[in-house]
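Working through the structure, step by step
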Amino acid sequence: MLVNELSKKTGLSIHTIRYYENLGMIKGLTDEKVTSNNYKHYDANTIERLEIIIEAREVGFTLAEIKKILISWFETTDSKPETLELFQAKIKEIDDKMKYFKQTKSLLEKVCEKIQSSND
């Protein structure tokens, strides 16, 4: 399929797809028999890769982390320990953020209480 169809199937813009390709996260193939255009063709594997990228971005992984995930998922034979380590690190990062936000919320609630009590 061409990038247009890939864009429609994934909901990503053509620009975003090309950006991910420039980063080496996906790869399109050109037909060497055709020299009149530079069209790249993408297979079902590319859709799977893009879906992983989309989901990983939604849960907060950076592009560098996602690239590691893709390499370990698709290109490495014994990737479980490295992939597990990446996911565990992201879980810890999320836990740390949750703790920070809970503390921030508590502080803001105290400030709101002080403001309300001073207005009474």
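Because the structure is a prediction, the values reported are computed rather than measured.

Here we look at the overall build of the chain
Scanning the chain from N- to C-terminus turns up five helices and two strands. In the chain, the succession of α and β elements from N to C terminus is α-α-β-β-α-α-α. In terms of overall dimensions, the chain is more spread out than a globule: its C-alpha atoms have a radius of gyration of 22 Å, far above the 14 Å expected for 120 residues. Here the chain holds 120 residues, and 25% of them are scored as buried.

Some remarks on the pattern of salt bridges
Throughout the structure, instances matching the rule amount to seven salt bridges. Through salt bridges with shared partners, a single network forms among Glu 65, Lys 90, Glu 93 and Lys 97.

Considerations on the environment of Glu 58
Here Glu 58 is to be found in helix α3 (residues 44-58). Look at Glu 58 and you get exposed, because its relative accessible area is 64%. Between the C-alpha atoms of Glu 58 and Glu 21, which are 37 residues apart in sequence, the distance is 19 Å.

A closer look at the packing of helix α1 (residues 3-10) against helix α2 (residues 14-22)
Packing of α1 against α2 brings their axes to within 9 Å, and their N-to-C directions diverge by 105°. Our classification of the angle between α1 and α2 gives roughly perpendicular. Of the residues in α2, those touching α1 at Val 3, Asn 4, Leu 6, Ser 7 and Thr 10 are Ile 14, Ile 17 and Arg 18. Among the residues making up the contact of α1 with α2, the classes are represented as four nonpolar, three polar and one charged.

A closer look at a nonpolar patch on the surface
Judged by side-chain polarity, Leu 107, Val 111 and Ile 115 come together as a nonpolar surface patch covering roughly 270 Å² of accessible area. Relative to the assigned elements, Leu 107 resides in helix α5 (residues 80-119).

Regarding the packing of helix α4 (residues 63-74) against α5
To describe two helices that pack against each other, one gives the angle between their axes and the distance between the axes. For the pair α4 and α5, interaxial distance at closest approach is 10 Å and the crossing angle is 150°. Taken together, the axis directions place α4 and α5 in an arrangement best described as roughly antiparallel. Handedness of the crossing formed by α4 with α5: left-handed. Between α4 and α5, the contacting residues are Glu 65, Lys 68, Ile 69 and Ser 72 on the first element and Thr 83, Leu 86, Phe 87, Lys 90 and Glu 93 on the second. The residue makeup of the contact of α4 with α5, split by class, is three nonpolar, two polar and four charged.

Some remarks on the environment of Arg 49
Along the chain, Arg 49 turns up in helix α3. For Arg 49, a relative accessible area of 9% puts it in the buried group. Here the alpha-carbon distance between Arg 49 and Ala 64, two residues 15 residues apart in the chain, equals 14 Å. Every residue in contact with Arg 49, bar those within four places of it in the chain, is listed here: Met 25, Ile 26, Leu 70, Phe 74 and Glu 75.

A few points about α1
Buried residues of α1: Val 3, Leu 6, Ser 7 and Thr 10, and no others. Each buried residue of α1 sits inside an arc of 100° when the element is viewed along its axis, so together they form one side. Opposite its buried face, α1 presents the exposed residues Lys 8 and Lys 9, each directed more than 90 degrees away. Contacts from the buried residues of α1 go to α2, β2 (40-41) and α3. Backbone geometry just after α1 places Gly 11 at a positive phi near 80°.

Conventions adopted
- Residues numbered from 1 in each chain as written.
- Predicted model: local features only at pLDDT ≥ 70, side-chain atom pairs only at ≥ 80, totals over all residues.
- Heavy atoms only, no water.
- Helix = DSSP H or I, 4+ residues; strand = E, 2+ residues; numbered from the N terminus.
- Rg over C-alpha atoms; globule rule 2.2 N^0.38 Å.
- Buried < 20%, exposed > 50% of the residue type's maximum accessible area, 1.4 Å probe, protein only.
- Salt bridge = Lys/Arg side-chain N within 4 Å of Asp/Glu carboxyl O.
- Axes fitted to C-alpha atoms, helices over the stretch in contact; angles between N-to-C directions.
- Parallel < 35°, antiparallel > 145°, perpendicular 65-115°, else oblique.
- Contact = heavy atoms within 4.5 Å.
- Nonpolar A, V, L, I, M, F, W, Y, C, P; charged D, E, K, R; others polar.
- Patch = residues over 30% accessible without salt bridge, like charges linked within 9 Å, V, L, I, M, F, W, Y side chains within 5 Å.
- Areas by Shrake-Rupley, 256 points an atom, 1.4 Å probe, with all protein chains shown as cover.
- Left-handed = near helix turned anticlockwise from the far one by under 90°.
- Arc of directions from axis to C-beta.

In short, shape yes, function no, at least from these values alone.
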